[in-house]
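Coordinate inspection notes
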Amino acid sequence: MDRELVERAAKGDQEAYAALAELSADRLFAVAHRILRDWHLAEDALQRTLATIWNELPRLRDPDRFEAWTYRLIARESVSAARREGRGGPVVRLLPDDMDVLIAPDQYRAVADRDQLERGFRRLRPEQRAVLVLHFYVGLSLAEIADVLGTPVGTAGSRLHYAIRGLRAALEADERYTATKERLA
Amino acid sequence: MNASDDFDRLLGEWLKDGPTQAPHESIERATAHARSHPRRPDPIAFLRKGAMNSRITPAVLRPAWILVLLGLLLAAAVAAVGIGSPNDAPVVVVPSPTAEASPIAATSATTSASPAPTPTAALAIVLRRAPDNLGCDSIVIPYSSATIRIDPSAAEQVWAEIDTLHPDTAGEFPGVAVGDRLQVYWSPSFSGGDASDPTVRDSNGAVAARDGTRTGELQPPYYLCATSGEVHVLDSPPG
């Protein structure tokens, strides 16, 4: 991110802020959407975050940390939005009846995996979802996640560990449920 | 490649699958928000805690150092007064024109040659001004109530202090606490009083706020627009 742009926006330059918003919006929206799994909630979280960036930018001492700071803001907004909304209802993705004709078995398996992941992911706590997104989507290291979330590295590590474990457990439960259903059918 | 790697790869790929472009209206609304909330110079910005650097405090701003510095400044001030008073003139105590003389003031007054008129009486209260076209967005703020404070002799003469945190949102603002200061901005039609009348009045001359007025008391014809660090008191509904 352009340091000069951040400094100008912090001093109240509205053009610089508009440029920063333009440069940051896509990546922030992508993160919010992946945590929230909902377009409108993600849009709302982005809106709040962009407003907070303008309001709070003068408090950011080091312009080089702008990007990490904005990840902190969007993660915070997304977690709050997820808490407000509860954990969301189940996601149903309808597959066409002739699915097995249209796509190869491997692809079918991939779609099934994605649906399982979607269900499992939604069962996680919002903070855990945020850690998973920051690590596996944004690609931040544990130290960077700790910095972004304002937690000790150990806390970020354990949060990631439990998030992965929780997701695996959710997937395994989903597998067992599907297998039982198939046996009973 | 083991099962853990497979899982990580699957999760990474799944997360990549999703929108990567923000709705353009969000950017338009953000720039509109900036236009309606123009930034004002913050004279004490350097004293504020950094948004990301809460663990890094310059040595000169640590509490112990501040106390030492204040002590040195006080000593220097006392020395300067001593040097600047070669005639050993008695200390002049200026009683407040409205307050009854306290025992201390009465004792000191005997040493006063000629009580001067109070210098604070002329201190006009200068208000921070809200822009005319202020828009009020629905953003999350960490408090539900604040108290207006007015002190004509203070550097910031009118401010507000958080007195109640919002139970649902305060957790999102870990640094915010009861007692934290908020800047208060007023529509141009409001005017500040002075030391003898420490109030803020509306265009009709009615008292809109005095020291201790709570934000909840500011009902129409006054309107409030709040952010995490500011309260705007308006004379008409915000856009």
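Figured I'd write up the structure that's included with this text.

Here we look at the overall build of chain A
Per the secondary structure count, chain A includes nine helices and zero strands. Counting across all 185 residues of chain A, residues that qualify as buried make up 47%. Sequence separation of at least 24 residues holds for 65% of the intrachain contacts in chain A that already meet a minimum separation of 6.

A few points about the packing of aromatic side chains
The relative placement of two aromatic rings is captured by the distance of their centres and the angle of their planes. With the rule as written, the count across this model stands at six aromatic pairs over all chains. Relative to Trp-39 of chain A, the ring of Phe-29 of chain A has its centre 4.8 Å away and its plane inclined at 70°; by these criteria the two rings are edge-to-face. Linking Phe-29 of chain A in helix 2 (residues 14-36) with Trp-39 of chain A in helix 3 (residues 39-56), this pair joins segments that are ten residues apart in sequence. When the centroid spacing of 5.4 Å and the interplanar angle of 70° are considered together, the rings of Trp-186 of chain B and Phe-190 of chain B count as edge-to-face. Of note, Arg-34 of chain A hangs over the ring of Tyr-137 of chain A, and the distance from its end group to the ring centre comes to 4.3 Å. Its end group placed over the ring of Phe-7 of chain B, Arg-168 of chain A keeps NZ or CZ at 4.3 Å from the ring centre.

What to know about helix 8 (residues 142-149) of chain A
All names here are of chain A. When helix 8 is considered as a whole, its buried residues turn out to be Ile-145, Ala-146 and Val-148. One face of helix 8 carries all of its buried residues, which in axial projection span an arc of 165°. Looking one or two places after helix 8, you find Gly-150, whose phi comes out positive at around 70°.

So, the interface of chain B and chain A
Contacts between the two partners involve 45 residues from chain B, matched on the other side by 53 residues from chain A. Taken together, both faces of the contact between chain B and chain A bury some 4,600 Å²; the carbon and sulfur share is 59%. Inspection of the region where chain B meets chain A yields one salt bridge. Residues Glu-43 of chain A and Arg-29 of chain B are paired through a salt bridge, measuring 3.3 Å at the closest nitrogen-oxygen approach. The tally of links from chain B across to chain A stands at eleven residue pairs in polar contact (both at pLDDT 80 or more). Of all the elements in the fold, those that place two or more residues in the side of chain B that touches chain A are helix 1 (3-16) and helix 2 (24-36) of chain B. Tallied by class, residues from the side of chain B that touches chain A come to 21 nonpolar, 14 polar and ten charged.

Points about the nonpolar core
Inside soluble globular proteins, nonpolar side chains tend to come together where they are buried. Of all hydrophobic cores here, the largest spans 58 residues; its most connected members are Leu-132 of chain A together with Leu-11 of chain B. With near-sequence residues (within four places) excluded, Leu-132 of chain A lies in contact with Phe-121, Leu-124, Tyr-137, Leu-160, Ala-163, Ile-164 and Leu-167 of chain A together with Leu-11 and Leu-15 of chain B. Counting residues in each nonpolar core, the second largest holds 21 residues, with Tyr-143, Ala-160, Val-184 and Ala-209 of chain B among its members.

Notes on the packing of helix 4 (residues 66-85) of chain A against helix 8 of chain A
The geometry of a pair of packed helices is captured by two quantities: the angle between their axes and the separation between those axes. All names here are of chain A. Viewed as axis vectors pointing N to C, helix 4 and helix 8 meet at an angle of 65°, and their least axial separation amounts to 8 Å. As far as their axial angle goes, helix 8 and helix 4 are roughly perpendicular. When you trace helix 4 past helix 8, the crossing you get is right-handed. Counting all contacts with helix 4, which are made through Ala-68, Tyr-71, Arg-72 and Ala-75, the residues of helix 8 involved are Asp-147, Val-148 and Leu-149. A per-class count over the contact of helix 4 with helix 8 returns five nonpolar, no polar and two charged.

What about the pattern of salt bridges?
Using the criterion set out here, one finds 17 salt bridges over all chains in the structure. Two residues, Arg-48 of chain A and Asp-44 of chain A, come together in a salt bridge whose shortest N-O distance is 3.2 Å. Residue Arg-48 of chain A and its partner Asp-44 of chain A are located together in helix 3, separated by four residues, close to a single helical turn. Among the residues examined, Arg-48 of chain A registers a relative accessible area of 15% and is labelled buried. Here Asp-44 of chain A falls in the partly exposed class, since its relative accessible area comes to 34%. With a closest N to O distance of 3.4 Å, Glu-13 of chain B and Arg-9 of chain B form a salt bridge. Linking Glu-13 of chain B with Arg-9 of chain B, this pair stays in helix 1, spanning four residues, or about one helical turn. A residue is classified by how much of its surface remains accessible, and Arg-9 of chain B, at 40% relative accessible area, is partly exposed. Taken together, the shared-partner salt bridges connect Arg-3, Glu-7, Asp-62 and Asp-64 of chain A into one network.

Procedures and definitions
Residues numbered from 1 in each chain as written. Chains lettered and ligands numbered in written order. Predicted model: local features only at pLDDT ≥ 70, side-chain atom pairs only at ≥ 80, totals over all residues. Heavy atoms only, no water. Helix = DSSP H or I, 4+ residues; strand = E, 2+ residues; numbered from the N terminus. Buried < 20%, exposed > 50% of the residue type's maximum accessible area, 1.4 Å probe, protein only. Contact = heavy atoms within 4.5 Å. Phe/Tyr/Trp six-rings, centres within 6.5 Å; stacked < 30°, edge-to-face > 60°. Lys NZ or Arg CZ within 6 Å of the ring centre and 35° of its normal. Arc of directions from axis to C-beta. Buried area = accessible area lost by both parts, 1.4 Å probe. Salt bridge = Lys/Arg side-chain N within 4 Å of Asp/Glu carboxyl O. Polar contact = N/O pair within 3.5 Å; in protein donor to acceptor, adjacent residues only side chain to side chain. Nonpolar A, V, L, I, M, F, W, Y, C, P; charged D, E, K, R; others polar. Core = buried A, V, L, I, M, F, W, Y, C linked by side-chain atoms within 4.5 Å. Axes fitted to C-alpha atoms, helices over the stretch in contact; angles between N-to-C directions. Parallel < 35°, antiparallel > 145°, perpendicular 65-115°, else oblique. Left-handed = near helix turned anticlockwise from the far one by under 90°.

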